[in-house]
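Chain and residue survey
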Protein chains: 2
Amino acid sequence: MNKDAMTETPAQQALIDGSTRLFAIIGDPIGQVKSPQTLNPRFVAAGLNAVMIPVNVKPDRFEDTVRGLMAIANLDGIIITVPYKSRILPLIDHVLPMAATVGAANAMRREPDGTWSGDMFDGRGLIRGLRDAAITLKGRKVLLIGAGGAGSAVAVAAADAAASIVTIVDVDSAKAEALAQRTAAAYPACTVRAGPVRLSGHDTLINATPIGMAPGDGLPAPVDGLAADTLVVDVIIKPNDTPLLAHARALGCRVFNGRVMLDGQAHELVQFFTADKS
Amino acid sequence: MNKDAMTETPAQQALIDGSTRLFAIIGDPIGQVKSPQTLNPRFVAAGLNAVMIPVNVKPDRFEDTVRGLMAIANLDGIIITVPYKSRILPLIDHVLPMAATVGAANAMRREPDGTWSGDMFDGRGLIRGLRDAAITLKGRKVLLIGAGGAGSAVAVAAADAAASIVTIVDVDSAKAEALAQRTAAAYPACTVRAGPVRLSGHDTLINATPIGMAPGDGLPAPVDGLAADTLVVDVIIKPNDTPLLAHARALGCRVFNGRVMLDGQAHELVQFFTADKS
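As a convention, each chain's residues are numbered from 1 in the sequence order in which they are written. Whichever chain is written first becomes A and whichever ligand is written first becomes 1, with later ones labelled in order. The predicted nature of this model means local features are confined to residues of pLDDT at least 70 and side-chain atom pairs, given and counted, to a pLDDT of 80 or more, with totals for whole chains, interfaces and linings taken over all residues.

Residues and elements named next belong to chain B. Runs of H or I in DSSP of at least four residues are treated as helices and runs of E of at least two as strands, each being numbered from the N terminus. To estimate the expected span of a helix, subtract one from its residue number and multiply by 1.5 Å. With 12 residues, helix α6 (residues 149–160) ought to run about 16 Å at 1.5 Å a step, and its terminal C-alpha atoms sit 17 Å apart, in line with that. To assign burial, the other C-beta atoms lying within 10 Å of each residue's own C-beta are counted, with C-beta atoms placed from the backbone; 20 or more indicates buried, 12 or fewer indicates exposed, and intermediate counts indicate partly exposed. Within α6, 10 of the 12 residues are buried, which leaves it mostly tucked inside the rest of the structure. Among the residues of α6, those classed as buried are Ala150, Gly151, Ser152, Ala153, Val154, Ala155, Val156, Ala157, Ala158 and Ala159. Phi for alanine 162, located one or two positions after α6, is positive at around 70°.

If you want it as structure tokens, here you go:
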């Protein structure tokens, strides 16, 4: 712990005592998670005696460990990360609509009646983060690269945010098709379809693949003819600037990296966990 | 959170991140526990990225909640408080000798092979605290008032610390007798017996009853003829000064309140939790 970290401590987390409320982030592995550092200062700012703790849950003990956590009377919420976002669903009493459509949840909370509700905030975080930058997806025509975990959440959140078109591209075309159908069924007002990488007819490009994280990675898809008025978002956080974002910026596009999604999500999660549920 | 508390924060607990190791104190209720505030600064001082968190376990979910905690891969130890110190025993793989004799455990830790060992530190904490004040119970003749939870732990720890006599007094004489027999069987070198409140033949008086906590409480037992060279200990923490301690001090006795036990125990617990087990 360096001197700076120590000086910053007061604002960073509540002092733990017998009355402290608990929130857990579960995953395996767990060392890489950032939710404690991200959310604990927000709990302090909200005046709460509450801390987010990392909980390493092993696959062979998943159900009983999570049921044990859910039974702790002073534990009020759980963030779910890799590899448990789908596996958590059967343990949640009320899977909220967005989580049901995505087929995965990344947060659950105890309701006043003791039951648990779960929802998916990965995509909603992006919508919130863009909104904080005064950008809405309403009426936008989105080309989404990637139909995996992040892509699924983004597709559904974009449709939920009233994008007019969401075109989903994945090397596994059956996966893109299945996601498109699921999303379209839940949001009939939005045109959701699997499609080839064609930028024409779109004003928004979102990369939800990991391509761009590794040194030497290229673009997640050919982006010939990217127009300067296209909004370009990459869900990647490290590096700050992926080849896609660098390319788009050079063309004059407005660009956002994954931090917009992360910050937006932190805001949404704190609201979900601390909302007045009574 | 006042300004002073904020200023003190850095030394008080580790900053929680994905690599933080967890220790839990379980009980019902939980709000009154002091172990987080007592142990977290000691973890910091030991250079550990670890926090003690309060965990409110409800009686109807005790076994599955505790098994859930034990399954968390980054949770290394559990303190057990009221009302679970006896109920925990069947969940512990290796009940160490002092806990077995007392019939209760207040701490358990994960061993390198994944099994859990549990021990009782309530009485051992008193021995440690007195030792830190350069006092040993070795060869002492102890009159112990109270054969309940605290009394049981103190009786066994006194015998373990080589007291020559432990006389146990309780309004429930059968309870005193049972504790005496159990302790004597485990420590044949010590004379352990149930007995009346008679100070003669003793050089140490320990109150392990709650009498003295409530305003208006009198003495836990008649102490006529208390000699000035008697060591007098009261396990009570609030108030600082019980009627027994005030009376004894007025007679010139050396006295200790419950803080000696608490401080000694914190030291022992951190050692138990952080000892090199490899």
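This next bit is on the relation of the copies chain A and chain B. To line up the copies, we fit them by least squares on C-alpha atoms, keeping just the residues with pLDDT of at least 70 in both. Each copy of the sequence occupies a distinct position, and chain A is placed on chain B by a rotation of 180° and an axial shift of 0.0 Å, giving an RMSD of 0.0 Å. Such values leave the two copies arranged in the relation of a two-fold axis. Proximity to the rotation axis, assessed at the C-alpha, singles out Gly68(A) in chain A; its C-alpha lies 2.1 Å from the axis. Interface residue correspondence from chain A to chain B reaches 100%, placing this contact among same-surface, isologous pairings. Each residue gets a C-beta atom placed from its backbone, and two residues are in contact if those atoms lie within 7 Å.

Taken together, the contact pairs 38 residues of chain A with 38 residues of chain B. Contributing elements (two or more residues each) for the side of chain A that touches chain B: α1 (3–12), α2 (35–45), β2 (50–56) and α3 (62–71) of chain A. The element best represented in the side of chain A that touches chain B is α3(A), accounting for six residues. Gly is put with the polar residues, along with every residue not named as nonpolar or charged; the nonpolar set is Ala, Val, Leu, Ile, Met, Phe, Trp, Tyr, Cys and Pro, and the charged set is Asp, Glu, Lys and Arg. Split into classes, the residues belonging to the side of chain A that touches chain B amount to 19 nonpolar, 14 polar and five charged.

Another point: the environment of Lys85(B). Residues and elements named next belong to chain B. Tracing the chain through its elements places lysine 85 in the loop between β3 (75–80) and β4 (94–95). Classification of lysine 85 by C-beta neighbours within 10 Å gives buried; the count is 24. Put simply, lysine 85 and glycine 103 are 18 residues apart on the chain and 8.4 Å apart in space, counted from C-alpha to C-alpha. When sequence neighbours within four positions are dropped, the list of residues in contact with lysine 85 reads Ile80, Ala104, Ala105, Asn106 and Gly149.

Moving on to the domain arrangement of chain A. Residue and element names in this part refer to chain A. Domain extents, as shown, originate in an automatic or database domain assignment. By domain assignment, chain A separates into domain 1 (3–120) and domain 2 (123–261). Tallying the contact residues gives seven residues for domain 1 and 10 residues for domain 2. Tallied by class, the residues present in the side of domain 1 that touches domain 2 amount to four nonpolar, two polar and one charged.

All right, on to the nonpolar core then. Judged by nonpolar contacts, the single largest core of 184 residues is most densely connected at Leu144(A), Val166(A), Leu144(B) and Val166(B). Setting aside residues no more than four positions away along its own chain, Val166(B) makes contact with Val142(B), Leu144(B), Ala155(B), Ala158(B), Ala159(B), Thr183(B), Cys190(B) and Val192(B). Each nonpolar core reported here comprises buried Ala, Val, Leu, Ile, Met, Phe, Trp, Tyr and Cys residues connected via C-beta atoms within 7 Å.

Attention shifts here to the pairing of strand β2 (residues 50–56) of chain B. Each regular strand carries side chains that alternate between the two faces of the sheet. Residue and element names in this part refer to chain B. Counting buried residues along β2, seven of its seven residues qualify, which places the element largely inside the surrounding structure. The two faces of β2 match: Ala50, Met52, Pro54 and Asn56 on one face and Val51, Ile53 and Val55 on the other face are all buried. Relative to β2, strand β1 (residues 21–27) is paired through seven bridges, and the arrangement is parallel. Paired with leucine 22 across the bridge in β2 is valine 51. For crossovers, right-handed means that the path from the first strand over the helix to the second runs clockwise, given strands pointing away from the viewer. Between the parallel elements β1 and β2, the chain passes through helix α2 (residues 35–45) in a crossover that is right-handed. Between any two strands, pairing holds if DSSP finds at least two bridges.

Before going further, it helps to examine the sheet that holds strand β6 (residues 116–119) of chain B. Residue and element names in this part refer to chain B. The strand order β2-β1-β3-β5-β6-β4 describes an open sheet built from six strands, whose pairing is mixed. Where the open sheet ends on each side, the last strands, each with one partner, are β2 and β4. As judged from the two bridges shared by β4 and β6, these two strands associate in the parallel manner. Pairing of valine 95 across the sheet is with glycine 118, part of β6. Angles shown run from 0 to 180 degrees and are taken between the N-to-C directions of axes, each axis being a line fitted to C-alpha atoms and, for helices, limited to the stretch in contact. Its contacts with the sheet put α2 on β1, β2 and β3, and the angle it makes with β2 is roughly 165°.

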